[in-house]
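What follows is each chain in one-letter form.
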Amino acid sequence: MARTITLIPGDGIGPEVTEATLRVLQAAGAELEWDRHIAGIEAFEKTGQPLPDELLDSIRMHAVALKGPVTTPVGKGFRSVNVQIRKALELFANLRPVESVPGVPARFENVDLVVVRENTEGLYSGIEHEVVPGVVESLKIITEKASTRVAKFAFDYARKNGRKRITAVHKANIMKLADGLFLDCCRNVAADYPEIEFDDRIVDNMAMQLVMRPDKFDMLLLENLYGDILSDLCAGLVGGLGIVPGANIGESIAVFEAVHGSAPDIAGQNLANPTALIRSAVLMLEHIGLGEEAERVRAALQTRLAEPESRTRDVGGQASTTEFTDAVVRTIERG
Ligand code: ATP
């Protein structure tokens with residue numbers, strides 16, 4: 001029986017990369033039904049809610065969603081729908097495998113990192129207020145509970161996927177209490193996984209080391225803000241936001257989404273690279289047990305990304321979104 005997945009095409013380039021992804025999944029023979037929902041500005045204009053209740057109910061019911069990017073208004077308007085979904089559904093771990101893709105032009109050819117970011121607290125708690133005009137306070141919340149559960153997630157992932165080492169990233173020399181607690185929780189969890197090496201780095205030093213020798217690292221474990229920044233840096237090491245997949249995972253619910261935003265500068269022009277969302281969908285297929293279909297898509301992507309003429313502009317080609325998608329679909333159909 002076909003599995004039903006909640007689908008949020010999003011806005012900006014979201015609908016274009018979503019359509020591309022659906023075509024590829026269909027070509028791969030993935031038996032899926034989609035429960036489509038709107039979010040963000042479109043939903044706000046139609047329903048008064050940027051994150052409609054029906055959308056959250058749908059994800060709770062189906063336990064798995066595939067999501068395109070949703071624009072967050074800058075400096076005003078509603079709070080980020082992306083952050084709200086993660087908080088409402090307790091999707092506490094953000095997972096981003098960052099791998100070099102053979103043939104795709106990038107600064108490095110040997111990157112194989114997995115970034116795990118805490119998704120629910122830190123400076124993203126959204127607790128901000130103006131103390132007096134001209135002075136704003138923004139609170140960073142770190143809890144033992146959230147730090148421990150994301151650390152456990154990272155170590156379990158390492159164990160399941162044959163990863164050898166986890167590096168926790170922090171600024172505990174300055175934020176001795178907040179980042180100190182995060183680091184202590186990581187250390188405590190690490191003690192239960194003696195087969196996995198554990199060490200830590202201060203975030204600024206980590207940024208430098210990543211751009212010099214990314215091959216020296218295996219998995220990174222970070223609180224929210226550092227994870228947001230360094231995971232984009234990691235995407236840049238292997239060819240940019242257009243190719244890196246992501247997932248937000250909780251106890252029983254998982255939302256798969258590309259790392260990139262809605263890219264308004266290229267929206268509606270058939271220029272976007274759908275690879276990041278297609279690869280996020282590959283993670284989704286594995287998550288729901290459709291390993292063969294996942295492998296078909298992965299292989300076809302690899303073939304097409306290795307050829308300059310098939311690639312989109314962001315990764316050194318000239319192809320449009322639809323031309324790239326056609327090529328991937330043809331490759332899958334040829335078997
Ligand atoms: P957000 O704040 O939502 O993350 P942003 O504007 O910071 O949004 P993106 O929307 O991801 O970031 O865009 C950053 C740059 O990367 C833009 O120049 C955009 O065109 C490019 N980009 C992002 N995603 C893609 C993609 N899938 N294909 C091609 N280019 C992309």
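Scoring rules and cut-offs
- Residues numbered from 1 in each chain as written.
- Predicted model: local features only at pLDDT ≥ 70, side-chain atom pairs only at ≥ 80, totals over all residues.
- Heavy atoms only, no water.
- Near = heavy atom within 4 Å.
- Polar contact = N/O pair within 3.5 Å; in protein donor to acceptor, adjacent residues only side chain to side chain.
- Areas by Shrake-Rupley, 256 points an atom, 1.4 Å probe, with all protein chains shown as cover.
- Nonpolar A, V, L, I, M, F, W, Y, C, P; charged D, E, K, R; others polar.
- Helix = DSSP H or I, 4+ residues; strand = E, 2+ residues; numbered from the N terminus.
- Expected span 1.5 Å × (residues − 1).
- Buried < 20%, exposed > 50% of the residue type's maximum accessible area, 1.4 Å probe, protein only.
- Salt bridge = Lys/Arg side-chain N within 4 Å of Asp/Glu carboxyl O.
- Pairing = 2+ DSSP bridges.
- Axes fitted to C-alpha atoms, helices over the stretch in contact; angles between N-to-C directions.
- Contact = heavy atoms within 4.5 Å.
- Domains from an automatic or database assignment.
- Buried area = accessible area lost by both parts, 1.4 Å probe.
- Phe/Tyr/Trp six-rings, centres within 6.5 Å; stacked < 30°, edge-to-face > 60°.
- Lys NZ or Arg CZ within 6 Å of the ring centre and 35° of its normal.

Examining the site of the ligand
Every residue lining the ligand is accounted for by I13, L241, G242, H260, G261, S262, A263, D265, I266, A272, N273 and D314. In this structure, a nitrogen atom belonging to the ligand sits 3.4 Å away from a side-chain N or O atom of H260. Note that an oxygen atom of the ligand is positioned 3.3 Å from one of the backbone N or O atoms of S262. In the complex, the protein chains occlude 58% of the 610 Å² of accessible area that the ligand would expose alone. Along the lines of polarity and charge, the residues of the shell around the ligand split into 5 nonpolar, 5 polar and 2 charged.

Some details on helix α5 (residues 144-160)
Across its 17 residues, α5 extends 24 Å between first and last C-alpha, which sits within 8% of the 24 Å expected from 1.5 Å per residue. Inspection of α5 places A146, S147, R149, V150, A151, F153, A154, F155, Y157 and A158 among the buried residues, and these make up the whole buried set. Positive backbone phi, approximately 65 degrees, marks G162, located one or two places after α5.

Some points on the pattern of salt bridges
Scanning the model with the defined rule gives 26 salt bridges in all. For R279, the salt bridge is made with E99, and the minimal N-O distance between the two is 3.9 Å. Linking R279 in helix α9 (residues 275-287) with E99 in strand β4 (residues 93-99), this pair joins segments that are 180 residues apart in sequence. The closest approach of N and O atoms between R298 and E295, which form a salt bridge, is 3.4 Å. Of this pair, R298 and E295 are both found in helix α10 (residues 291-305), 3 residues apart, which corresponds to roughly one turn of the helix. Owing to a relative accessible area of 43%, E295 belongs among the partly exposed residues under this scheme. Look at the salt bridges and you will find they share partners, linking R165, E197, D199 and R201 into a network.

Quick word on the sheet that holds strand β5 (residues 112-118)
Pairing is mixed across the open sheet formed by 10 strands, whose spatial order is β2-β1-β3-β12-β11-β4-β5-β10-β8-β9. Of all the strands in the sheet, the pair left with one neighbour each is β2 (32-36) and β9 (197-202). When the angles between neighbouring strand axes are averaged without regard to direction, this sheet yields 25 degrees. When β4 meets β5, the two strands line up antiparallel, connected through 7 bridges. Bridge pairing in β5 links E99 to D112. Sitting on the sheet, helix α4 (residues 81-88) is in contact with β1 (3-8), β3 (64-67), β5, β11 (247-249) and β12 (254-257), with an inclination near 160 degrees to β12.

Considering the domain arrangement of the protein
It is common to report an interface's size as the accessible area lost on association of the parts. Annotation of the protein at the domain level lists domain 1 (1-95 + 239-335) and domain 2 (107-237). Between domain 1 and domain 2, the C-alpha centre-to-centre distance is 24 Å. The partner domain 2 presents 17 residues to the 17 residues of domain 1 that form the contact. Taken together, the two surfaces of domain 1 and domain 2 that pack against each other cover about 1500 Å², and 56% of this comes from carbon and sulfur. Three residues stand out in domain 1 for area buried against domain 2, namely F92, N94 and L95, and they jointly supply 41% of the buried area on that side. Applying the counting criterion to the domain 1 and domain 2 interface returns 1 salt bridge. The salt bridge involving E90 is made with R149; its shortest N-O contact spans 2.7 Å. Between domain 1 and domain 2 we count 7 residue pairs in polar contact (both at pLDDT 80 or more) in total. The set of elements that each furnish at least two residues to the side of domain 1 that touches domain 2 consists of α4, β4 and β11. A class-by-class count of the residues in the side of domain 1 that touches domain 2 yields 9 nonpolar, 4 polar and 4 charged.

As for the packing of aromatic side chains
Summed over all chains, the structure comprises 5 aromatic pairs. Note on F155 and F198: the rings are 6.1 Å apart at their centroids and 45 degrees apart in plane angle, and the pair reads as tilted. In this pair, F155 sits in helix α5 while F198 sits in strand β9, placing the two residues 43 residues apart along the sequence. Residue classification places F155 among the buried positions, given a relative accessible area of 0%. One aromatic cluster is present, built from ring pairs that chain together F92, F153 and Y157. Lying over the aromatic face of Y124, R117 brings its terminal NZ or CZ to 5.3 Å of the ring centre.

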